[in-house]
Amino acid sequence: MQFNRAKSAAHPQPTNHRMKKTFHTLLALSLTLAPFLPASAAEPKRVIVCTVTTGFRHGSIPFAEKCLRKLGEESKAYTVVDFAQQPTAQILRKPAAPSKPADLKADADDKAKAKHEGEMKRFADEQAKYDAVMAKWTPADEEKVKASQAEWDTQMKTAMAKLAPAALTAANIDGVIFANTTGDLPLPDRDGFIRWIEDGHAFCAMHSASDTFHKFPGYLDMLQGEFAGHGAQVPADLVAGDTAHPANGGIGEKWDITQEEMYFINHHDRTKVRALWYLRHNPNNKAQEGYFAVSWCRMAGKGRVFYTSLGHREDLWDDTAAVKDRKNSPEISKQFQAHILGGIKWALGLVPGSTEPKNTRMLFLGNSITLHPPAEGMSGSWGMAASSAEKDYVHLVLSAVGKRNGNKPESKVLNLADFERGFEQYDIAAKLKAEIEFQADTVILAIGENVPDLKTDEAKLKFRDSVSRLLKLLKADRRCAIYVRSCFWPNAAKDSALKEACAAMGGVFVDISALSKDERNYARSERKFANTGIAIHPGDKGMSAIADLIFAAIKEHDLAGTESKPAPAAVQEALK
């Protein structure tokens, strides 16, 4: 390009002082924006992909390696600078002697005898072949076996040495990806590897990376997931935990995968992760409702961790015609690739995304303040005196939680006035069967107003114990956040019993008693009601105030977690 000297001469050059000031301003701005600059505006991040296995080895691994390299090249977000791969050495095995069938039982019938006779014949044939091979077996053959194992071990050590903390630091590696690894990998300084992640590096893991290091608590804690088995491959109707997160891949609120091997996950505490994708039922039994984790992200110290249990099938990794026996369409393959690319970019700090734990299933148990069926003279069927459903505290809390989490929680609401009026005889397990099976990760109990006056200590204890049983059945053995609010119209005995029952279950007590002292919180201050009973209920302002207090408690404590475990046997028995 030709430089226009005449135009340049007409505009004096800035002084050195101004140039320095401009330089420092631009430098500061670039440093501020650096973590979230588009990949094209900065050097690609440097990653190593590990596909080593000491357990089951997936046939999709070559497809995973190719896909991960391709996604990096196309996005320019990262570069796969190296692979830690399986040794190529062939391990020779010494022939194993056949196992002799069990002795025939003395009372065996003719059918069992015939079967045993066939087994013994096969054993005799196999033994003869084994004896023939071993007759030719020499010390030289023994040395070849040992040498092949030694070569394998050397190659494995060389491959895994790339993941030593010192090697990662020397190579300026930004992140490590475990793609379908399995078993107890010979990782040098594995505790140091976890510290390397916690120091601010990325760790991304796919599918059977959760079937790795079962005996290494540091890894399981970092990942927050451990493979616990799987059933047959099935269609998977996934639900988004966060539609705004990059790992959503722009897919939306639901994602239907035609076929995949869906994992059951243990060692998973949802108070320590942000759910990205999950199932609302057992993947192999839709009748068994619950929370079944699929993908999540979290912070491990200063490091970012992304995991997805997807990635068993080759036709998820590869969207081309190269895949045989394709079940998932190329469009689904591209969705999967967008999912993992978003997770990788997030883990590398290239794009923002929340790691805060989430409320995904919320159960509200209340009375006419919470929920009331439609009736003549009612201006709203929710919250009795709320002017519309959207203005009662249930909808307001759900809206606030949904806005905070990026996705509106699934919810269930029940009027529990019958429990209030007859808590001693109330069959909790039978009448709340659906609510217990809902397996909420957040329970909000808002009762007390319909409970008869607790005039004696004995009455108070009976009410407290009934509430405790109610909360215990709802919580079962899952991690579940419990919030219990006080009565809107203060009552010392009832509020004390509610608070004690809440504390016994590790819940959070939300005191709303001060709201009744402000006339503006009553429906009668907003409009006229023929029914004075309705008029003294919280109006729109009162509902908003209740919602604010409950949501503030949720934000402060953020205990919304549940593990994918069945209810205790006693609870299951009670539900039959």
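Residues numbered from 1 in each chain as written. Predicted model: local features only at pLDDT ≥ 70, side-chain atom pairs only at ≥ 80, totals over all residues. Heavy atoms only, no water.

## Quick look at the overall build of the chain
Part 1: Counting secondary structure elements, the chain contains 19 helices and 16 strands.
Part 2: A total of 576 residues make up the chain; the buried ones form 48% of that total.
Part 3: Look at the contacts in the chain between residues 6 or more apart in sequence, and 75% of them connect residues 24 or more apart.
Part 4: By element, 53% of the accessible surface of the chain is carried by carbon and sulfur atoms, the whole surface being about 28,100 Å². (Helix = DSSP H or I, 4+ residues; strand = E, 2+ residues; numbered from the N terminus. Buried < 20%, exposed > 50% of the residue type's maximum accessible area, 1.4 Å probe, protein only. Contact = heavy atoms within 4.5 Å. Areas by Shrake-Rupley, 256 points an atom, 1.4 Å probe, with all protein chains shown as cover.)

## Focus on the pairing of strand β11 (residues 303-308)
Part 1: Counted residue by residue, β11 has six buried out of six residues, so it is predominantly covered.
Part 2: Residues Gly303, Val305 and Tyr307 of β11 are buried on one face, and the alternating residues Arg304, Phe306 and Thr308, pointing to the opposite face, are buried as well.
Part 3: Where strand β4 (residues 202-206) meets β11, five bridges bridge the pair, whose relative direction is parallel. Its bridge partner being in β11, alanine 202 is matched across the sheet by arginine 304.
Part 4: In this structure, strand β10 (residues 285-300) lies alongside β11, joined through six bridges in antiparallel fashion. The partner of alanine 300 across the bridge, within β11, is glycine 303.
Part 5: Joining the antiparallel neighbours β10 and β11 is a turn of two residues, in which glycine 301 adopts a positive phi near 65°. (Pairing = 2+ DSSP bridges.)

## Things to note about the pattern of salt bridges
Part 1: Counted by the stated rule, this structure contains 22 salt bridges.
Part 2: With a closest N to O distance of 2.7 Å, aspartate 242 and arginine 274 form a salt bridge. Placement of the pair is aspartate 242 in the loop between β6 (234-240) and β7 (254-260) and arginine 274 in strand β9 (residues 274-282), with a sequence separation of 32 residues. Residue aspartate 242 shares its accessibility class with arginine 274, and that shared class is buried.
Part 3: For glutamate 458, the salt bridge identified is with lysine 462, shortest N-O distance 3.4 Å. Residue glutamate 458 and its partner lysine 462 are located together in helix α15 (residues 457-475), separated by four residues, close to a single helical turn. (Salt bridge = Lys/Arg side-chain N within 4 Å of Asp/Glu carboxyl O.)

## Comments concerning α15
Part 1: The terminal C-alpha atoms of α15 lie 27 Å apart, and with 19 residues this matches the ideal 27 Å at 1.5 Å per residue to within 8%.
Part 2: By the burial criterion, the buried members of α15 are Phe463, Ser466, Val467, Ser468, Leu470, Leu471, Leu473, Leu474 and Lys475.
Part 3: Positive backbone phi, at 50°, marks alanine 476, one or two positions downstream of α15. (Expected span 1.5 Å × (residues − 1).)

## Observations concerning the confidence of the model for the chain
Part 1: With 87% of its residues at a pLDDT of 70 or more, the chain has an overall mean of 87.
Part 2: For residues 1-35, every residue scores under 50 in pLDDT, and the model assigns this stretch six contacts once sequence neighbours within four places are set aside.
Part 3: Here residues 559-576 scores under 50 on pLDDT; set against residues more than four positions off or in separate chains, the count is 47 contacts. (pLDDT = per-residue confidence, 0-100.)

## Observations regarding the nonpolar core
Part 1: The biggest cluster of nonpolar side chains holds 43 residues, and the ones touching the most others in it are Leu68, Tyr78, Met206, Leu238 and Trp255.
Part 2: The element best represented in this core is helix α10 (residues 330-347), accounting for seven residues.
Part 3: Leaving out residues up to four positions away in the same chain, tryptophan 255 has contacts with Ala236, Asp237, Leu238, Trp277, Leu310, Ile332, Gln335, Phe336 and His339.
Part 4: Counting 41 residues, the second largest nonpolar core, distinct from the first, contains Leu168, Trp196, Ala205 and Ala293. (Core = buried A, V, L, I, M, F, W, Y, C linked by side-chain atoms within 4.5 Å.)

## Some points on the sheet that holds strand β12 (residues 361-366)
Part 1: An order of β13-β12-β14-β15-β16 is seen for the five strands of this open sheet, with the pairing classed as parallel. Two strands bound the open sheet, and with one partner strand each, they are β13 (410-415) and β16 (508-510). Across the sheet, the mean angle separating the axes of adjacent strands is 15° when strand polarity is ignored.
Part 2: Note: β12 against β13, six bridges, orientation parallel. From the neighbouring strand, phenylalanine 364 faces β13, where its bridge partner is valine 413.
Part 3: The strands touched by α15 are β12, β14 (442-445) and β15 (481-485); relative to β14, the strand with the most contacts, the crossing angle is about 160°.
Part 4: With respect to the sheet, helix α16 (residues 492-504) is in contact with β15 and β16, its orientation differing from that of β16 by roughly 155°. (Axes fitted to C-alpha atoms, helices over the stretch in contact; angles between N-to-C directions.)

## A few points about the packing of α15 against α16
Each packed pair of helices is defined by two parameters, the angle between the axes and the distance between the axes.
Part 1: At their nearest, the axes of α15 and α16 sit 8 Å apart, and the two run at 35° to each other. α15 and α16 meet at a crossing whose hand is right-handed. Side by side, α15 and α16 meet where Lys460, Phe463, Arg464, Val467, Ser468 and Leu471 of the first sit next to Ala493, Lys494, Ser496, Ala497, Leu498, Glu500, Ala501 and Cys502 of the second.
Part 2: Within the contact of α15 with α16, the residues separate by chemical class into eight nonpolar, two polar and four charged. (Left-handed = near helix turned anticlockwise from the far one by under 90°. Nonpolar A, V, L, I, M, F, W, Y, C, P; charged D, E, K, R; others polar.)

## So, the sheet that holds strand β1 (residues 45-50)
Part 1: Strands sit in the order β2-β1-β3-β4-β11-β10-β9-β6-β7 across an open sheet of nine strands; the sheet is mixed. The open sheet has two free edges, formed respectively by β2 (78-84) and β7, since each of these has just one partner strand. Each strand of the sheet is rotated relative to its neighbour by a mean of 25°, with strand direction disregarded.
Part 2: As judged from the two bridges shared by β6 and β9, these two strands associate in the antiparallel manner. Paired with alanine 240 across the bridge in β9 is tryptophan 277.
Part 3: Contacting β3 (175-179), β4, β10 and β11, helix α7 (residues 190-198) runs over the sheet at an angle of about 120° to β3.

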